[in-house]
Amino acid sequence: WARDFTVNALFYDPVRHEVIDHTGGLDDLAARVLRSVGDPQVWFYEDPVRILRAAKFAGRLDFSLPALERQAMADRAAMLEVCPPSRVTEEIFRILESGTAARSFGILHETGVLPVLVPELCGHNANGDADLRGLLAVDRMVQAHGGLPRDFLFVACFHAAAWAHVHANPPP
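Here the structure is a predicted model, which means the values were calculated and not measured. (Residues numbered from 1 in each chain as written. Predicted model: local features only at pLDDT ≥ 70, side-chain atom pairs only at ≥ 80, totals over all residues. Heavy atoms only, no water.)

## Observations regarding the nonpolar core
Judged by nonpolar contacts, the single largest core of 40 residues is most densely connected at M73, L96, F105, L108 and L117. Of all the secondary-structure elements, those providing two or more residues to this core are helix 3 (49-61), helix 4 (67-76), helix 5 (85-96), helix 6 (101-110), helix 7 (114-117), helix 8 (133-145) and helix 9 (150-168). Considering each element in turn, this core owes the most residues, 6 residues, to helix 3. Ignoring any residue separated from it by four or fewer positions in sequence, one finds L117 in contact with L52, L80, V88, I92 and L108. (Core = buried A, V, L, I, M, F, W, Y, C linked by side-chain atoms within 4.5 Å. Buried < 20%, exposed > 50% of the residue type's maximum accessible area, 1.4 Å probe, protein only. Helix = DSSP H or I, 4+ residues; strand = E, 2+ residues; numbered from the N terminus. Contact = heavy atoms within 4.5 Å.)

Structure, rendered in structure tokens:
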């Protein structure tokens, strides 16, 4: 019951050769749903960094997030500002290192978390969708080459935003 999500609250009994499921994780695993253990409003209030983990795992596993989780993510997004920056930064780097950052940041954008967390990444394309092309490129590089230096990931993440700012505000 202390795990973040039902699918990682599953336990294996090696003596009986059976999976122990107290939270409905097997059903969620079969349905490819990432659901919090307990009330997501409470869960994300207790530890707002779980919001980032939800986006990371849903993006990495290509799982859906139920409406209650998405709403709780949106409702609790501002709480990320009071979390220790080192914890938030570490989760952002883990997302960038996953090879599925575009999908995870897309979830953060859809739930309204991204504008609170990193408003510089909220550029939009001609369709009004989040412009995640830079993150797609990062994902391709991570998938092709494995781990990349974190400073490179950081620069790659913000390159498009910095370039747009330079073009919008040319030097005199």
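## Side note on the pattern of salt bridges
One pass over the full model with this rule turns up 14 salt bridges. One salt bridge in this structure joins D4 and R50, with 2.8 Å as the shortest N-O distance. Of the two residues, D4 sits in the segment before strand 1 (11-13) while R50 sits in helix 3, which places them 46 residues apart along the sequence. As far as burial versus exposure is concerned, D4 and R50 are alike and both buried. Between R50 and E46 there is a salt bridge, and its shortest N-O distance comes to 3.7 Å. Accessibility expressed as a relative area gives 10% for R50, which makes it buried. What emerges from the salt-bridge pattern is a single network uniting D4, E46, D47, R50, R53, K56, R87, E90, E91, R94, E97 and R150. (Salt bridge = Lys/Arg side-chain N within 4 Å of Asp/Glu carboxyl O.)

## Some details on the packing of aromatic side chains
Under the defined criterion, the tally for this structure stands at 1 aromatic pair. With a centroid separation of 6.1 Å and an interplanar angle of 75°, the aromatic rings of F5 and F57 are classed as edge-to-face. With F5 in the segment before strand 1 and F57 in helix 3, the pair connects residues that are 52 residues apart, well separated along the chain. Looking at F5, the relative accessible area reads 2%, which means it is buried. Stacked on the ring of W43, the Lys or Arg R50 has its end atom at 4.2 Å from the ring centre. Residue placement shows K56 over the ring face of F57; its charged tip is 4.7 Å from the ring centre. (Phe/Tyr/Trp six-rings, centres within 6.5 Å; stacked < 30°, edge-to-face > 60°. Lys NZ or Arg CZ within 6 Å of the ring centre and 35° of its normal.)

## Quick look at the packing of helix 5 against helix 6
Contact geometry for helix 5 and helix 6: axes closest at 8 Å, N-to-C directions at 130°. Between helix 5 and helix 6, the angle is such that the two are oblique. On helix 6, the residues touching I92, I95 and L96 of helix 5 are A101, S104, F105 and L108. Residues belonging to the contact of helix 5 with helix 6 are distributed by class as follows: 6 nonpolar, 1 polar and no charged. (Axes fitted to C-alpha atoms, helices over the stretch in contact; angles between N-to-C directions. Parallel < 35°, antiparallel > 145°, perpendicular 65-115°, else oblique. Nonpolar A, V, L, I, M, F, W, Y, C, P; charged D, E, K, R; others polar.)

## Quick notes on unusual backbone geometry
Only a minority of non-glycine residues have a phi that is not negative, and only a minority of peptide bonds are not trans. Even without being a glycine, H17 presents a positive backbone phi close to 55°. Here H17 lies in the loop between strand 1 and strand 2 (18-20). Classification of H17 by relative accessible area gives exposed; the value is 59%. Residues other than glycine seldom take positive phi values, yet R32 does so here, at roughly 60°. Position of R32 among the secondary structure elements: in the loop between helix 1 (25-31) and helix 2 (40-46). In this structure R32 comes out as partly exposed when scored by relative accessible area, which is 42%.

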